[in-house]
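A structural walkthrough
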Amino acid sequence: MMRAILVLFLVAGSSDALVKRWIKYSDYNDADNWGGLNRTPCPTDTINLGAVQPVSVYIQSNLTITELALPMTGEIILGPNVIIDFPSNPANVDPSCQGATPGQLAEFQVQTQEWFNLNNWEVYGSLADAQQGDVSKEMSVLDVEKIPCSSGGDTTGSYLRDEVLFPEDHSYRVNMGTQPLSLQKLNLAGKAYTSTNPFSDFLNTVSGKSQFNPGADRPTVNIGGSCTDVTGCACGNDAMKTVICAAVQCQVRGLQCDSPPTPRGHCCGVCGAVLTIGYGDNFNFQNLESYIRTQYLQQDKYQGVRTILSKSAVSRAGEVQLVLQDDAPGTQNGQTAAAMAQEVKDTLPAAGLGITAVDVQASTKGTGPSGQTGGRMGGGQIAGIVIGVIIVLLLIVLVAFFLVRRRSTPLELSLPKMPKMPKMPTFNGKKSLTNEFEMGGATFSNPNFDPNSPDHFSLSYSGVEDLGSSKGFNNPMYDNPVEDNPMYTDTSLSGTMDPASVTTTPPTTPDGDTRDGGIENPIYGLDNLQEVVMDAEC
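Residues numbered from 1 in each chain as written. Predicted model: local features only at pLDDT ≥ 70, side-chain atom pairs only at ≥ 80, totals over all residues. Heavy atoms only, no water.

Section: the pattern of salt bridges
As enumerated under the stated definition, the model contains 10 salt bridges in all. The partner of Lys301 in a salt bridge is Glu343, with the nearest N and O atoms 3.5 Å apart. With Lys301 in the loop between helix H6 (285-297) and strand S18 (306-310) and Glu343 in helix H7 (residues 335-347), this residue pair connects regions lying 42 residues apart in the sequence. (Salt bridge = Lys/Arg side-chain N within 4 Å of Asp/Glu carboxyl O. Helix = DSSP H or I, 4+ residues; strand = E, 2+ residues; numbered from the N terminus.)

What about H7?
With 13 residues, H7 extends 19 Å between its outermost C-alpha atoms, agreeing within 8% with the 18 Å of an ideal straight helix rising 1.5 Å per residue. As for H7, its buried residues are in contact with strand S17 (272-279), H6, strand S19 (319-325) and strand S20 (355-362). (Expected span 1.5 Å × (residues − 1). Contact = heavy atoms within 4.5 Å.)

Section: a nonpolar patch on the surface
On the surface, Ile387, Ile391, Leu395, Leu398, Phe401 and Phe402 cluster together to form a nonpolar patch covering roughly 620 Å² of accessible area. With respect to the element layout, Ile387 can be found in helix H8 (residues 379-408). (Patch = residues over 30% accessible without salt bridge, like charges linked within 9 Å, V, L, I, M, F, W, Y side chains within 5 Å. Areas by Shrake-Rupley, 256 points an atom, 1.4 Å probe, with all protein chains shown as cover.)

Let's talk about the sheet that holds strand S8 (residues 105-107)
Read from one edge to the other, the open sheet built from 3 strands follows the order S5-S2-S8, with strand pairing classed as parallel. Single-partner strands in this sheet number two, and they are strand S5 (67-69) and S8. Direction aside, the axes of adjacent strands within the sheet are offset by 20° on average. Two elements, strand S2 (residues 46-48) and S5, share 3 bridges in a ladder whose sense is parallel. The residue bridging Thr46 from the neighbouring strand is Glu67, located in S5. (Pairing = 2+ DSSP bridges. Axes fitted to C-alpha atoms, helices over the stretch in contact; angles between N-to-C directions.)

With respect to the state of the cysteines
This model, assessed by the stated rule, comprises 6 disulfides. Residue pairing for Cys42: its cysteine sulfur links by disulfide to Cys97, the two sulfurs lying 2.0 Å apart. Taking the sign of the S-S torsion, about -95° here, the bridge from Cys42 to Cys97 comes out left-handed. With Cys42 in the loop between strand S1 (19-22) and S2 and Cys97 in the loop between strand S7 (84-85) and S8, this pair connects stretches of sequence that are 55 residues apart. Taking relative accessible area as the criterion, Cys42 reaches 1% and is therefore assigned buried. A sulfur-sulfur distance of 1.9 Å marks the disulfide that ties Cys227 to Cys233. Between Cys227 and Cys233 the disulfide shows an S-S torsion of about -80°. By sign, it is left-handed. Along the protein chain, the cysteines that take part in disulfide bonds pair up as 1-2, 3-6, 4-5, 7-10, 8-11, 9-12, counted in sequence order. (Disulfide = S-S within 2.5 Å. Buried < 20%, exposed > 50% of the residue type's maximum accessible area, 1.4 Å probe, protein only.)

Describing the sheet that holds S17
The strands making up a sheet associate through backbone hydrogen bonding, with each pair oriented either parallel or antiparallel. Read across the sheet, 4 strands follow the order S18-S19-S17-S20 without closing on themselves; strand pairing throughout is antiparallel. Edge strands, defined here as strands with exactly one partner in the open sheet, are S18 and S20. When the angles between neighbouring strand axes are averaged without regard to direction, this sheet yields 15°. In this sheet, S20 lies alongside S17 in antiparallel orientation, the contact comprising 7 bridges. Within the sheet, the bridge partner assigned to Ala273 lies in S20 and is Ala362. Of the strands in this sheet, S17, S18 and S19 touch H6, which is tilted by about 165° from S18. Contacts from H7 reach S17, S19 and S20 within the one sheet, and its direction differs from that of S17 by about 20°.

Notes on the packing of aromatic side chains
Per the counting criterion, the structure on display carries 16 aromatic pairs. For the ring pair Tyr291 and Tyr296, a centre distance of 5.9 Å and an interplane angle of 75° mean the geometry is edge-to-face. Members of the aromatic cluster, connected to one another through ring pairs, are Trp22, Tyr25, Trp115, Trp121, Phe166, Tyr172, Tyr193, Phe199, Phe202 and Phe212. (Phe/Tyr/Trp six-rings, centres within 6.5 Å; stacked < 30°, edge-to-face > 60°.)

Quick look at the nonpolar core
Core analysis: the largest hydrophobic core is formed by 30 residues, its most contacted members being Trp115, Phe166, Val174, Leu186, Leu188, Phe199 and Phe212. Of all the elements, helix H3 (residues 196-203) adds the most residues to this core, at 3 residues. Among residues more than four places away in sequence, those in contact with Val174 are Trp22, Thr112, Gln113, Trp115, Phe166, Gln211, Phe212, Asn213 and Pro214. Of all hydrophobic cores here, the second largest spans 24 residues; its members include Tyr279, Ala341, Ile355 and Val358. (Core = buried A, V, L, I, M, F, W, Y, C linked by side-chain atoms within 4.5 Å.)

Everything listed here is a matter of coordinates, which is why it stays silent on function.
Listed below in structure tokens is the structure:
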């Protein structure tokens, strides 16, 4: 049994065409086609099949309907012996319809599916297996070859061409694209198309316009012919690899090996080995396929190994590719295939098959689930992480440097600063005046006070002296110059003044307010007594 399975997988890589089965349908009984209902319509629903674009709806079983709106353009296909009933008082018998609101709108909202989405296809080794749809018999192929070969626009017959199956008892909504498709045979609705013209005629019918490229230009599909190159035929889908791989999420495949190689024509790495086999004269693809099956896969130690033998249109001339994978669980996955790859490398060139060289890329034993890449981080990833860490550390050092610098040297705005006002000495009636004033943290000596005579001071005045720059200045805002200041008249005044003898007279303001702190100014005499108001603190 195991050997039969191994042979089945090997055939997937042969130059014989495979059968690709389409698996997305526009059926009435598919709950995914009914928008947000998450169910098929109930008998009491108001059903709308209408659509601006053409639509094809296949009804597989009997229906009980209250109200039905038909599509503007398209078709409704009834399955064998299907009956649609319109009773006057329908009942929601189905458990999923319990509690449904009568008259609820149910809209048919089937999505157009893409030809180049590999999730829309299954691959089988024969038409019988494809019609049965048993996924246990599905073939292992490269990602780009899961789409029918040749979908890359081959019109020369130099590429492999596959058979396509659209199963009976379904309807479809497929965007085949605008590039030419080349197929060996196409099966649709129980009819086999083996040449181009009959299928082109079908595409121009209402059914064809509703199911293939609906609302768009008709696709170009060439049917018939096949590659006959004995050295093998390339699939011809390599030019569409970017489009095909856009629908693939490698992390979902959950590889548990390290350093998985990526085969040519595949979207993700694999646990196992990829062998590039060079050949020369007398090479035959089918002979190589048979030799691998009989000489390697039949050995007990290689049971469970799967093979994909293929030829790529983008590889160098004279090369084929062999991919080996196995079913070992966990971190052992790929180890048996890697061991077989080494034996193939050592023995195949001497087998007389025209093989000139064998190059091997193999995964290594895994250390655990690997996420997206399926293995240990490569050198590029490690280098990227190291560089990222260094950049982060440099940023941290720079930020710390500027923070320390800012604390030691505050940033200053480039605006002119106002001069600091000097602090006036505090004094009251119980404190004597000091001979120094503070200004901006510095001090200067006051020549009018003697620090050694705190109890009294003397004051003399004998006219204007040449005091230099200290006697004043001409204020341009006023007319009288310094020389006209009455404080500089030739009046002589001398005497000694005891601070205790200075009497204070409460002055009276025009509004009758009386304040303490007035003194008699000996310079102006009693008749010219000036009021000086001194606060407790200046």
